[in-house]
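An overview of the molecular structure
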2 protein chains.
Amino acid sequence: MTTTAPPTWLDLPADTGFGVGNLPYGVFSTPGTGRRTGVAIGDLVLDLAAATGDGVHATGSLNAFLARGPEAWRELRAQLTAWFTDDGHRGTVAPHLVPRSQVTMHLPVEVADYVDFYSSQHHAENLGRMFRPDSEPLTPNWKHLPIGYHGRAGTVQVSGTPVLRPSGQRKAPTDDAPTFGPSQRLDIEAEIGFVVGTPSEPGTRVPLSAFPDHVFGACVVNDWSARDLQSWEYVPLGPFLGKSFLTSVSPWVVPLAALEAARVTPPARDPRPLPYLDDTDGEPWGLDIAIEVRLNGEIVSCPPFDLMYWTPAQQLAHMTVNGASLRTGDLYASGTVSGPQADQRGSFIELSWGGKEPLRLPDGTTRTFLEDGDLVTITATAPGPHGTRIAFGDVTGRIEPAR
Amino acid sequence: MTTTAPPTWLDLPADTGFGVGNLPYGVFSTPGTGRRTGVAIGDLVLDLAAATGDGVHATGSLNAFLARGPEAWRELRAQLTAWFTDDGHRGTVAPHLVPRSQVTMHLPVEVADYVDFYSSQHHAENLGRMFRPDSEPLTPNWKHLPIGYHGRAGTVQVSGTPVLRPSGQRKAPTDDAPTFGPSQRLDIEAEIGFVVGTPSEPGTRVPLSAFPDHVFGACVVNDWSARDLQSWEYVPLGPFLGKSFLTSVSPWVVPLAALEAARVTPPARDPRPLPYLDDTDGEPWGLDIAIEVRLNGEIVSCPPFDLMYWTPAQQLAHMTVNGASLRTGDLYASGTVSGPQADQRGSFIELSWGGKEPLRLPDGTTRTFLEDGDLVTITATAPGPHGTRIAFGDVTGRIEPAR
C-alpha cells in the first residue's frame, strides 16, 4: 500500500496505518510516569514531551497544544515529518520512541462541549421508520439543516473503558406503565468525531471555509445507546439517559492535514441548502473513511463515511451560525454512519431492524442487541498521502452486567 | 423582615436579602486585581481569598472549593457566621469587605455539563398546547420522569452579558421552505439552577437522599430561547441552536444550607413515581422560591417555584440513575417555572400565548417577543433562617441587534 510513501529511517511494518503520512496525536503513560502527548508511528509512540522539551506536551491532554492554532499544528507536523524522514535526526529522536504495546492510552482531549449530529440519511431513514412508523422517515427539517443535539461531555471516555450496562425506565408501546431495570436494548453508534482546537468568539460564525482553521482532527466515536431508555424518554426534548452513560473515543486524533487525500465530493443535496451551508462552489469536506464494526472479533458492518449527507464543515458552520462560541476541546460527532446496504449499518438497532431480524453471527449464534461480555471494536481507515492508507485508532468496549 | 435574625456587628440594610442567613458565593474582581471568591453580605462582598488566606478562593471560580465537599462547605459557613456575628472578629474581617458597587462579578462556576429540565407542569402543558396542538399537552412520559436534555456549557455566562440576537433557520408551518435571518421570537426562560460540588463515580447512582451531599447551591438562570429556531429544529432530537447561543446565570450561588427554611412539600404526584424518584416517604426538596421577571424595569410575571412537579433532588437522581457520573461544576436547571395564572408564566411565548395575545405593558405598549434594547431582569427570593428573607442575585440581559 505504501507505494510512494516518504522514505523513513524507521523500520515500519509494510502495512502500517501509522506511517509518516498519518502522525496522529494521543495522550499516553508508561508505568511510573505521568500522562503526556505522543504521536503514533508504526508500532511505536514518540514521546513528544521528551522529544520537544515543550511543556505543552506534558499537560496530560492535547488541549493546550490544540489551542495554539493551525500555524502551530502545521509547524509541529513539519518538524515531525523532518525528524522521521531525515536520517540525521535518528540519534536525537530514537531515544524517545516507546513501543505502543508498552503504553497506556488515555482520553486525548479534555472535552469541553460534546455535540452529536444525525447526518447519515440512511441511518436517519432507518430510525425514522422504526421510531415513527406512522410518519415520513425523515422529518421535514432533515435536508435543510444538520440536526444535532448536545450530549454529556463528562462521560466521554477513551477506548477500552468498560461499558457498564445502564439501567433506567423502559416502556414498550404495549405496556401500561414504565418499568425500571437494566437496558435490554443496548446498542452502539459507529461515528467519526471532530475535535475543535481554535475557539471562536461569542456572536461570531465559523463559515464553511474556516473549518480547517478551527478543527484540528478526527477520531472514531462509539456513542453507546440504550434504545429502550431512549425511545421512552426522547419526546419532546431529545435523547438524554439513553446516551449519557458513556461515549467512547479512539485514543488517537488524526490531524485534518493527514486526511487531504481522503477528501471526496459529498452526495448531491436536494433541495440546495441555505447559503451558509452550501458547499457546492467551495471545497467540500466529504471524507472517504471506511469504518468497520466488529462484534467479538467478527466484522458485522462496514459503514461508508463518504455517503454522509452533511459534512463536518457544514456541521460546524451550522453549530455556530447562531453565534454560539467554540472552545478548545469541543467534540462533535457525525451521527451514526450507515450506508444503503444491510451490512453497512452502524448500529445494531438497524442491523437487527429493531430486534425483529436477528443478525446471524459467524459462530452460528444470533444477536439483536448487545449481551453482557460482548466486545465491540470499531476501526476506520482512509486514503493517506502518497498512496498510503492511514488508520484511526480503534475504539473498543466490553459490555459488563448492570450493577 | 429580619425579626429574629442573628445579631451582627455589620450595619446591614434592614431589608437586605443578603443577611447573615444567606451568605451566597460568587467570583468578583476589582480594578487591577484578579478574580477571586467573595461572599455577599448586605451591600458588601467579603474577599474570601484575603480573609481566609486559602488559595482555593483565588482560583477564579468556585470549582476547587466546591470539590472539597459538604464538610468543607459546612465548616466555612460556620466560620463565616462566627465572623459576622461575633464582634471580636470585626477587626480582622472588616478590612476585607468591599462595597458591591465597586466590584465586577464573573461567572461563578466553570460549568462542566449543563442540563436543562422541563419540570413545571404548567409550562410543559402550555408549550405542548402551542407546539403540538393536535396531541395531549403532556407527552406520556412527562409524569413518569423529569424530562431533560443537555445544553451548551460553553455559552453559560454571568448576568449582564449582552444578549446578541441570534440568527438561524426559521420556518413557519405555512412557509414552503425555511429562511435564514435574525430570530423574530426571542424569549426568556425563568429558571432556578443547581450547582454540583461533589462528583460521582461512573456507574453509581445518586439517590434522593444524597442530594445535599452533591449539590452545593442554587442560582437564577435565564435560558434565552429563540422560539422560531427551536420549533423548526427540535424534532426529533430536541432543542439545539434555539438555546445554545446564551444561558445567563446570577452571579451568586446560594448554598443549600441557606434554603432549609424554604423547603416545602412538592405537589402530589399521580401516578406515584418509580421508587428511585419517589420522595413521599423521605424529605422532599420542594422549595418556596418566589421569582420575579421584569421587562425594562416593570414586573411582567411572578413564577412560583414551589409548584414545580419534579424537585431538584429528583432531577439529580434521574440524571444519574443510568450510571452517568457527575463532575464538580455541573449545572442543571429546573426548566421554565410557570404557575397556573397568566401572570405566573416564566416565558414570553406563554405570556403572549405564542404571540397571539400580546402582553400589555405599563407604558401602554404591547409585547409578544423581545425587541432590541429590551432589558430583562429575573430576581428570586425565598424564606431564610430566623424569619428572614434571602435573595438570589439578579440575572439580567439586554437584547442587542443581530450582527
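Residues numbered from 1 in each chain as written. Chains lettered and ligands numbered in written order. Predicted model: local features only at pLDDT ≥ 70, side-chain atom pairs only at ≥ 80, totals over all residues. Heavy atoms only, no water.

1. Comments concerning the interface of chain A and chain B
When the parts come together, some accessible area is lost, and that loss is often what is quoted as the size of the interface. At the junction of the two partners, chain A supplies 58 residues and chain B supplies 57 residues. Taking both partners together, chain A and chain B bury about 5200 Å²; carbon and sulfur atoms supply 60% of that area. The largest per-residue losses of area from chain A upon contact with chain B belong to Arg-152, Leu-237 and Phe-240 of chain A, which jointly make up 16% of the total buried on that side. Counting every contact that joins chain A to chain B gives two salt bridges. Between Arg-152 of chain A and Asp-330 of chain B there is a salt bridge, with its nearest N and O atoms 3.0 Å apart. The tally of links from chain A across to chain B stands at 24 residue pairs in polar contact (both at pLDDT 80 or more). (Contact = heavy atoms within 4.5 Å. Buried area = accessible area lost by both parts, 1.4 Å probe. Salt bridge = Lys/Arg side-chain N within 4 Å of Asp/Glu carboxyl O. Polar contact = N/O pair within 3.5 Å; in protein donor to acceptor, adjacent residues only side chain to side chain.)

2. Quick notes on the relation of the copies chain A and chain B
When chain A is fitted onto chain B, the two copies agree to an RMSD of 0.0 Å after a turn of 180° and an axial shift of 0.0 Å. Classification of the inter-copy transformation places it as that of a two-fold axis. By C-alpha distance to the rotation axis, the residue of chain A lying nearest is Gly-238 of chain A, at 2.1 Å. Of the interface residues in chain A, 98% have counterparts in chain B that sit at the interface too, so the contact is made through matching surfaces. (Least-squares fit on C-alpha atoms with pLDDT ≥ 70 in both.)

3. Examining the domain arrangement of chain A
Residues and elements named next belong to chain A. You can read the domains of chain A as domain 1 (25-106) and domain 2 (114-400). Each of domain 1 and domain 2 has a C-alpha centre, and these two points are 29 Å apart. The partner domain 2 presents 18 residues to the 19 residues of domain 1 that form the contact. Carbon and sulfur atoms make up 72% of the area that domain 1 and domain 2 hide from each other, which totals about 1400 Å². The tally of links from domain 1 across to domain 2 stands at zero salt bridges. Counting residues per element, the ones that place at least two in the side of domain 1 that touches domain 2 are β1 (25-29), β2 (36-41), α2 (63-66), α3 (70-85) and β5 (104-106). Class assignment of the residues belonging to the side of domain 1 that touches domain 2 gives a composition of 12 nonpolar, five polar and two charged. (Domains from an automatic or database assignment. Helix = DSSP H or I, 4+ residues; strand = E, 2+ residues; numbered from the N terminus. Nonpolar A, V, L, I, M, F, W, Y, C, P; charged D, E, K, R; others polar.)

4. Digging into the sheet that holds strand β2 (residues 36-41) of chain B
Residue and element names in this part refer to chain B. As summarised here, the arrangement of the five strands in space is β4-β3-β2-β1-β5, forming an open sheet in which the pairing is antiparallel. A strand with exactly one partner marks an edge of an open sheet, and here the two such strands are β4 (97-99) and β5 (104-106). On average, each strand axis in the sheet is inclined to that of its neighbour by 50°, with strand direction left out of account. Across four bridges, the pairing between β2 and strand β3 (residues 44-47) is antiparallel. Across the sheet, Ile-41 pairs through a bridge with Leu-44, a residue of β3. (Pairing = 2+ DSSP bridges. Axes fitted to C-alpha atoms, helices over the stretch in contact; angles between N-to-C directions.)

5. Quick notes on the nonpolar core
Of all hydrophobic cores here, the largest spans 152 residues; its most connected members are Leu-259 and Tyr-332 of chain A together with Leu-259 and Tyr-332 of chain B. When sequence neighbours within four positions are dropped, the list of residues in contact with Tyr-332 of chain B reads Val-115, Phe-117, Ile-192, Gly-193, Phe-194, Val-196, Phe-211, Val-215, Pro-312, Gln-315, Leu-316 and Met-319 of chain B. (Core = buried A, V, L, I, M, F, W, Y, C linked by side-chain atoms within 4.5 Å. Buried < 20%, exposed > 50% of the residue type's maximum accessible area, 1.4 Å probe, protein only.)

6. Regarding the packing of aromatic side chains
A complete count under the given rule lists 28 aromatic pairs over all chains for this structure. An angle of 80° between the planes, with centres 5.9 Å apart, marks the rings of Phe-117 of chain A and Phe-240 of chain B as edge-to-face. On the criterion of chain membership, the pair formed by Phe-117 of chain A in strand β6 (residues 114-117) and Phe-240 of chain B in the loop between α7 (227-233) and α8 (241-244) is interchain, its members lying in two chains. Across the pair, exposure class does not vary: Phe-117 of chain A and Phe-240 of chain B are buried alike. (Phe/Tyr/Trp six-rings, centres within 6.5 Å; stacked < 30°, edge-to-face > 60°.)

7. Quick notes on the sheet that holds β2 of chain A
All names here are of chain A. Ordered by their spatial adjacency, five strands build an open sheet running β4-β3-β2-β1-β5, and the pairing between neighbours is antiparallel. The open sheet has two edge strands with one neighbour each: β4 (97-99) and β5. With direction set aside, neighbouring strand axes in the sheet form an average angle of 50°.

8. Things to note about helix α5 (residues 121-131) of chain A
All names here are of chain A. Across the 11 residues that make up α5, a large majority, eight, are buried. Among the residues of α5, those classed as buried are Gln-121, His-123, Ala-124, Glu-125, Asn-126, Leu-127, Gly-128 and Met-130. Lining the buried residues of α5 we find α7 (227-233) and α10 (348-351).

9. Some points on the environment of Glu-357 of chain A
Residues and elements named next belong to chain A. The topology assignment puts Glu-357 in the loop between α10 and β23 (359-360). Through-space distance from the C-alpha of Glu-357 to that of Arg-367 is 9.0 Å; in sequence the pair is 10 residues apart. With residues near it in sequence (within four places) discarded, Glu-357 still touches Leu-351 and Ser-352.

10. Some thoughts on the side chain of Arg-132 of chain B
Here Arg-132 of chain B shows up in the loop between α5 (121-131) and β7 (148-151). In this structure Arg-132 of chain B touches Pro-236 of chain A together with Tyr-118, Leu-127, Pro-137, Thr-139 and Tyr-234 of chain B, once residues within four positions along its chain are discounted.

11. Digging into helix α3 (residues 70-85) of chain B
All names here are of chain B. In this model, α3 (16 residues) spans 22 Å end to end at C-alpha, consistent with the 22 Å of a helix rising 1.5 Å per residue. Burial in α3 covers these residues: Pro-70, Ala-72, Trp-73, Leu-76, Arg-77, Leu-80, Trp-83 and Phe-84. In a view along the axis of α3, the buried residues occupy a sector of 155°, so they form one face of it. The outward face of α3, more than 90 degrees from its buried face, is lined by the exposed residues Arg-74 and Glu-75. (Expected span 1.5 Å × (residues − 1). Arc of directions from axis to C-beta.)

12. Some points on the pairing of β6 of chain A
Residue and element names in this part refer to chain A. Residues Tyr-114 and Asp-116 line one face of β6 and the alternating positions Val-115 and Phe-117 line the opposite face, and both faces are buried. Two strands pair when backbone bridges link them, and β6 and strand β7 (residues 148-151) are joined in this way by four bridges, in the antiparallel orientation. What sits directly across from Tyr-114, in β7, is Gly-151. Summarising the sheet, β6 and strand β22 (residues 331-333) pair through three bridges and their orientation is parallel. Each residue of the ladder has a partner; that of Val-115, found in β22, is Tyr-332.

13. A word on the environment of Asp-187 of chain B
All names here are of chain B. Considering the arrangement of structural elements, one finds Asp-187 in strand β12 (residues 186-187). We classify Asp-187 as buried; its relative accessible area is 0%. Placed 151 residues apart in sequence, Asp-187 and Arg-36 show a C-alpha to C-alpha distance of 32 Å. Every residue in contact with Asp-187, bar those within four places of it in the chain, is listed here: Trp-224, Ser-225, Arg-227, Ser-347, Phe-348, Ile-349, Phe-369 and Leu-370. At 2.6 Å, the side chain of Asp-187 and the backbone nitrogen of Phe-348 are in polar contact. Within polar-contact distance, the side chain of Asp-187 engages the backbone nitrogen of Ile-349 at 2.9 Å.

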